[in-house]
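Close look at the chain arrangement
Each chain is listed here by its residues.
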There are 2 protein chains.
Amino acid sequence: MEAIKNYISEHKERFISELIDLLKMPSVSADTAFTQDVLDTADAVKKALTEAGCDAVEICETDGYPIVYGEKIINSDLPTVLVYGHYDVQPADPINLWTSPPFEPVIKKTDKHPEGAIFARGACDDKGQMYMHVKAMEYMVKTNQLPCNVKFMIEGEEEVGSSNLAIFVANNKEKLANDIILISDTGMIANDVPSITTGLRGLSYVEVEVTGPNRDLHSGLYGGAVANPINILTKMIASLHDENNHITIPGFYDKVEELSKEERAEMAKAPFSLENYKDALDIDAVYGENGYTTNERNSIRPTLDVNGIWGGYTGEGAKTVIASKAFAKISMRLVPNQDWKEITELFKKHFESIAPEGAKVLVKPHHGGQGYVTPINTIGYQAASKAYETTFGKKPIPQRSGGSIPIVALFEKELNSKTILMGFGLDSDAIHSPNEHFGVWNYLKGIETIPYFYKYYTELFKK
Amino acid sequence: MEAIKNYISEHKERFISELIDLLKMPSVSADTAFTQDVLDTADAVKKALTEAGCDAVEICETDGYPIVYGEKIINSDLPTVLVYGHYDVQPADPINLWTSPPFEPVIKKTDKHPEGAIFARGACDDKGQMYMHVKAMEYMVKTNQLPCNVKFMIEGEEEVGSSNLAIFVANNKEKLANDIILISDTGMIANDVPSITTGLRGLSYVEVEVTGPNRDLHSGLYGGAVANPINILTKMIASLHDENNHITIPGFYDKVEELSKEERAEMAKAPFSLENYKDALDIDAVYGENGYTTNERNSIRPTLDVNGIWGGYTGEGAKTVIASKAFAKISMRLVPNQDWKEITELFKKHFESIAPEGAKVLVKPHHGGQGYVTPINTIGYQAASKAYETTFGKKPIPQRSGGSIPIVALFEKELNSKTILMGFGLDSDAIHSPNEHFGVWNYLKGIETIPYFYKYYTELFKK
């Protein structure tokens, strides 16, 4: 299968320009201002799947943004791989921090990407990584090397909770039936340290609103005499962590899976430099739950972070006002066994219970999803491991990620199949941040590696 | 001087329409978007002073917005009253909470204003109350009843700290020389309970910025492992009050004037209904420093309130991000003897000292001013008291206000004269809030009362 290398060098310019065209479409699912762009992106994905050789490509309507489906069934005796990805992207703001416009992709060299990286919102998460699979498919079909059946399911609401995908999956178990699910929406440790993600955190995302007086008030005439919703909100949020940075919500840790000494020792072997980590973020110290390392804090431990806060006068200059309302968006990352709906309820109950007299509190659940852990003794993992070993020249390290792909746990529940997370991005690729990018080398390496997964998986499946 | 009543009923329609024209000008000093409007408003004030009969009316340039000056010197043996007011207004946001556009004045009846009130930003604070003096001046000049000398000094930066006025006053002591300063920029208890403000709180206004990582981060990959600037900011702000709602900044209370049992008992006599207070604000309980009543909390006690907070994703939907920065605008109301510059320094020192490792904190002082207390045994207070008694039919109550007019303490220091605060607005007039208004009855009552102050003050002065 060396031929894949030649195929890539032959078509690499086209592979890059096709991705760049896709990245020019601002498919921000969180903001209704981009509705038409998201829909147009779905059409572009449909076209790409068809050109790559998929059959029965269709736009599947949902109550939200559509899911693009395509398949290539060559033999019912052969295994079926279901590829999942998403064509929607995170909002681009704060726009002013981008060094080039988020939806005008440009290739720039970086320390970590000497061969250049494509800078654009969605370059890595997930358009670039999703498109690797489309191009790998193209290669296997065009060269008659597709060893098994393939199904593609590319959605447009991953960044806003995949709620309609959940319904679609529940209603189309037959159509989506598969032996293994393949996703590239995670990262790896470094270009010379390949890794496979074996765990994901769950998520509970809520919005809170604190109301004090029924109107904005003059802070001189009323200051000190009424509950100021912003002060109250800061007090309430601050109380959600204790002095050891443990989360104080009653019952929050009840179901948290505690790793054994051995497992934690195993984790600690992954190459990691705290100094480089701090330098990259320009911070003088890390911060988090006492008793755990940085890599544990962002992978095997649950967290609570405020993602946004606003209230009162935020304009230029000074306004001596006591706001009527204050708001915050809060997300909790959960670990396996924590149920996101249960945690959301615990948060709601607790947050409402700590509201002081004189203030009203409203907790509005946004979305969420369960955590996930995949065993490494499956043929799926072994096939992925062999694929990386073939193209990177070294065995990948199993790694727990702090991120969430809420839908993965649901796949296992509804479709009864495991998911393999083959990520090719780097933590430094700034996904969800200004100047998101994806290394050209990583993009092409992904296209090169994926066909080997199909090969090895089919071989191991037949045994 | 009964004639004033007739003069008012004769010209009342014009008095109202002139004020409405002034209120149509969006003179928001805090927002540079309104620069030209603020300058135009200064010109309008100049025109009004001239038409009212002032001599030597001029626009006095400053490094900020100009000060409008005018005078009428009739006899150097007679006392001189310096009238101070401001033509700038607070920002109008949140605009969407206004029932009519903030700069399109309309007259609507309310429970407290059965004869109608003018709804517009600045209607009460301070265009309406400032213009009462212009119209009272017009009456006294046109009817040859001006009993003493008058000087007008109307500024355009009161809502942003009057820093340039302070310089102007220091450089023009001769020009501004006077025996008494008269200001209408406060309120009274009720239309049937006239009161004179004998105390003002000082102010220290700061903006704080907390920086965590050097860029926005994915809350899944980094959540729990780095200091989240929003969480840190909420922790820091929450820590500024203890469980008794005392402010925790070291040294903050050192110079606070403690009132005697007798003084507090005297204060408690002012008519006040906690139930009405709560109903008006639609709150189930008041909130504040333990050990003090509501009226004490908002007048004789210092406070710390967040006036605005922002950071992270505040748009539609959800974004799982850890922001690089979080911000807040914080103001402290101070009582007599607390020095605002000293308090600002104490705040800065303390706030920076409580920043945890992994976060950088910047404290940017905005502006401030000293508190003020005026004795009631002066001829100035007695003249004001007699004036209210004449037109309201009852003796006004001396009252400490929670608001701040930073410039008043400076007047006493630089010009060595006392200030009389004759306010005609009501707390319910929503100054600094959406739907600010000023009762037509209050406006005309002010115009009727002011000439009596001149009369009685001049008589008492001659004794």
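Rules used in this analysis
Residues numbered from 1 in each chain as written. Chains lettered and ligands numbered in written order. Predicted model: local features only at pLDDT ≥ 70, side-chain atom pairs only at ≥ 80, totals over all residues. Heavy atoms only, no water. Helix = DSSP H or I, 4+ residues; strand = E, 2+ residues; numbered from the N terminus. Buried < 20%, exposed > 50% of the residue type's maximum accessible area, 1.4 Å probe, protein only. Contact = heavy atoms within 4.5 Å. Areas by Shrake-Rupley, 256 points an atom, 1.4 Å probe, with all protein chains shown as cover. Lys, Arg positive; Asp, Glu negative; His and termini not counted. Charge placed at Lys NZ, Arg CZ, Asp CG, Glu CD. Arc of directions from axis to C-beta. Least-squares fit on C-alpha atoms with pLDDT ≥ 70 in both. Phe/Tyr/Trp six-rings, centres within 6.5 Å; stacked < 30°, edge-to-face > 60°. Lys NZ or Arg CZ within 6 Å of the ring centre and 35° of its normal. Pairing = 2+ DSSP bridges. Axes fitted to C-alpha atoms, helices over the stretch in contact; angles between N-to-C directions. Domains from an automatic or database assignment. Buried area = accessible area lost by both parts, 1.4 Å probe. Salt bridge = Lys/Arg side-chain N within 4 Å of Asp/Glu carboxyl O. Patch = residues over 30% accessible without salt bridge, like charges linked within 9 Å, V, L, I, M, F, W, Y side chains within 5 Å. Polar contact = N/O pair within 3.5 Å; in protein donor to acceptor, adjacent residues only side chain to side chain. pLDDT = per-residue confidence, 0-100.

**Section: the overall build of chain A**
Scanning chain A from N- to C-terminus turns up 13 helices and 20 strands. Taken over the C-alpha atoms alone, chain A extends approximately 80 × 50 × 45 Å along its principal axes. Within chain A, the fraction of its 463 residues that count as buried is 63%. A sequence separation of at least 24 residues applies to 78% of the contacts in chain A between residues at least 6 apart. When the accessible surface of chain A is summed, it comes to about 16,700 Å², and 51% of that surface belongs to carbon and sulfur atoms. Where the 46 positive side-chain charges of chain A centre and where its 64 negative ones centre are 2 Å apart.

**Considerations on helix 8 (residues 274-281) of chain A**
Looking only at helix 8 of chain A, the buried set comprises A:Tyr277, A:Lys278 and A:Leu281. Summarising the axial view, the buried residues of helix 8 of chain A lie within an arc of 95 degrees, below the 170-degree limit, and thus occupy one face. Exposed and oriented more than 90 degrees from the buried face of helix 8 of chain A are A:Asn276 and A:Asp279. Contact partners of the buried residues in helix 8 of chain A: helix 9 (294-297) of chain A together with strand 11 (217-218) and helix 6 (219-222) of chain B. Just past helix 8 of chain A, the residue A:Asp282 takes up positive phi, approximately 55 degrees.

**So, the relation of the copies chain B and chain A**
Between the two copies of this chain, the relationship is a rotation about some axis together with a displacement along it. Superposition record for chain B on chain A: RMSD 0.1 Å, screw rotation 180 degrees, translation along axis 0.0 Å. On the angle and the small slide along the axis, the relation comes out as a two-fold axis. Mapped onto chain A, 99% of the interface residues of chain B are again interface residues, and the two copies thus contact each other with one and the same surface.

**Remarks on the packing of aromatic side chains**
Aromatic ring pairs: the centre-centre distance and the angle between the two ring planes describe each pair. For the structure on display, the rule yields 34 aromatic pairs over all chains. An aromatic cluster is defined as three or more aromatic residues linked by ring pairs; in this entry it consists of A:Tyr388, A:Phe392, A:Phe424 and A:Trp441. The cationic tip of B:Lys108 hangs over the ring face of B:Phe119; the distance from NZ or CZ to the ring centre is 4.6 Å. Over the aromatic face of B:Tyr69 sits the side chain of B:Lys175, whose NZ or CZ is 4.6 Å from the ring centroid.

**Looking at the sheet that holds strand 4 (residues 106-108) of chain B**
Residues and elements named next belong to chain B. Sheet architecture is open: three strands sit in the order 4-5-20, paired in antiparallel fashion. A strand with exactly one partner marks an edge of an open sheet, and here the two such strands are strand 4 and strand 20 (437-439). Neighbour-to-neighbour, the strand axes of the sheet open up by a mean angle of 30 degrees, direction not taken into account. In terms of strand pairing, strand 5 (residues 117-119) meets strand 20 through three bridges, oriented antiparallel. If you follow Ile118 over to strand 20, its bridge partner there is Phe438. The strands that helix 14 (residues 440-462) touches are strand 4, strand 5 and strand 20; relative to strand 20, the one it contacts most, it runs at about 60 degrees.

**Notes on the domain arrangement of chain A**
Residues and elements named next belong to chain A. Each domain of chain A was delimited in the assignment, giving domain 1 (3-200 + 371-462) and domain 2 (202-256 + 302-369). A separation of 35 Å is found between the C-alpha centroids of domain 1 and domain 2. Each partner contributes to the interface: domain 1 provides 11 residues, whereas domain 2 provides seven residues. Buried surface at the junction of domain 1 and domain 2, summed over both partners, amounts to about 670 Å²; 57% is from carbon and sulfur atoms. The largest per-residue losses of area from domain 1 upon contact with domain 2 belong to Gly371, Ser404 and Pro406, which jointly make up 54% of the total buried on that side. Our count for the domain 1 to domain 2 interface comes out at zero salt bridges.

**Regarding a negative patch on the surface**
Taken together, the side chains of A:Asp279, A:Asp282, A:Asp284 and B:Glu357 define an acidic patch exposed on the protein surface. Looking at where B:Glu357 falls in the secondary structure, it is placed in the loop between helix 11 (340-353) and strand 15 (360-369).

**Points about the pattern of salt bridges**
What the rule picks out here adds up to 50 salt bridges over all chains. The salt bridge partner of A:Glu257 is A:Arg400, with a shortest N-O separation of 3.1 Å. Here the residue A:Glu257 occupies a position in the loop between helix 6 (229-238) and helix 7 (261-268), and A:Arg400 occupies one in strand 17 (residues 397-400), the gap between them amounting to 143 residues. According to the relative accessible area criterion, A:Glu257 is partly exposed, its value standing at 24%. Residue B:Glu448 pairs with B:Lys445 through a salt bridge whose shortest N-O separation is 3.5 Å. Of this pair, B:Glu448 and B:Lys445 both sit in helix 14, three residues apart, which is roughly one turn of that helix. In this structure, B:Glu448 and B:Lys445 share a single accessibility class: buried. Taken together, the shared-partner salt bridges in this structure form one network comprising A:Arg14, A:Glu18, A:Lys135 and A:Glu138.

**A look at the side chain of A:Asn149**
All names here are of chain A. Looking at where Asn149 falls in the secondary structure, it is placed in strand 6 (residues 149-155). Judged by its relative accessible area of 1%, Asn149 is buried. Separated by 3.4 Å, the side chains of Asn149 and Thr80 make a polar contact. When neighbours within four sequence positions are excluded, Asn149 is seen to be in contact with Lys72, Ile73, Ile74, Asn75, Ser76, Leu78, Pro79, Thr80 and Val81.

**Overview of the environment of A:Ile73**
Residue and element names in this part refer to chain A. With respect to the secondary-structure elements, Ile73 resides in the loop between strand 2 (67-72) and strand 3 (80-86). For the pair Ile73 and Cys54, spaced 19 residues apart in the sequence, the C-alpha separation amounts to 8.9 Å. Apart from residues lying up to four places away in sequence, Ile73 is in contact with Asn149, Val150 and Lys151.

**Side note on the side chain of B:Lys319**
Take B:Lys319: it is sitting in the loop between strand 12 (303-312) and strand 13 (321-322). Within the structure, the side chain of B:Lys319 is placed 3.0 Å from the backbone oxygen of A:His432, a separation counted as a polar contact.

**Quick word on the interface of chain B and chain A**
With 92 residues of chain B at the contact, the number on the chain A side is 91 residues. Buried area between chain B and chain A, summed over both chains or domains, comes out near 7,800 Å², and the portion from carbon and sulfur atoms is 52%. Considering only the side of chain B, the residues that lose the most area to chain A are B:Leu221, B:Tyr287 and B:Lys319, jointly responsible for 9% of the buried surface there. Summed over the shared surface of chain B and chain A, the number is zero salt bridges. Taken together, chain B and chain A are joined by 52 residue pairs in polar contact (both at pLDDT 80 or more). In terms of residue count, strand 12 of chain B provides more of the side of chain B that touches chain A than any other element does, 10 residues in total.

**A few points about the confidence of the model for chain A**
For chain A, the mean per-residue pLDDT works out to 95, and 100% of the residues sit at or above 70. As a predicted assembly, this complex carries a pTM of 0.82 together with an ipTM value of 0.81.

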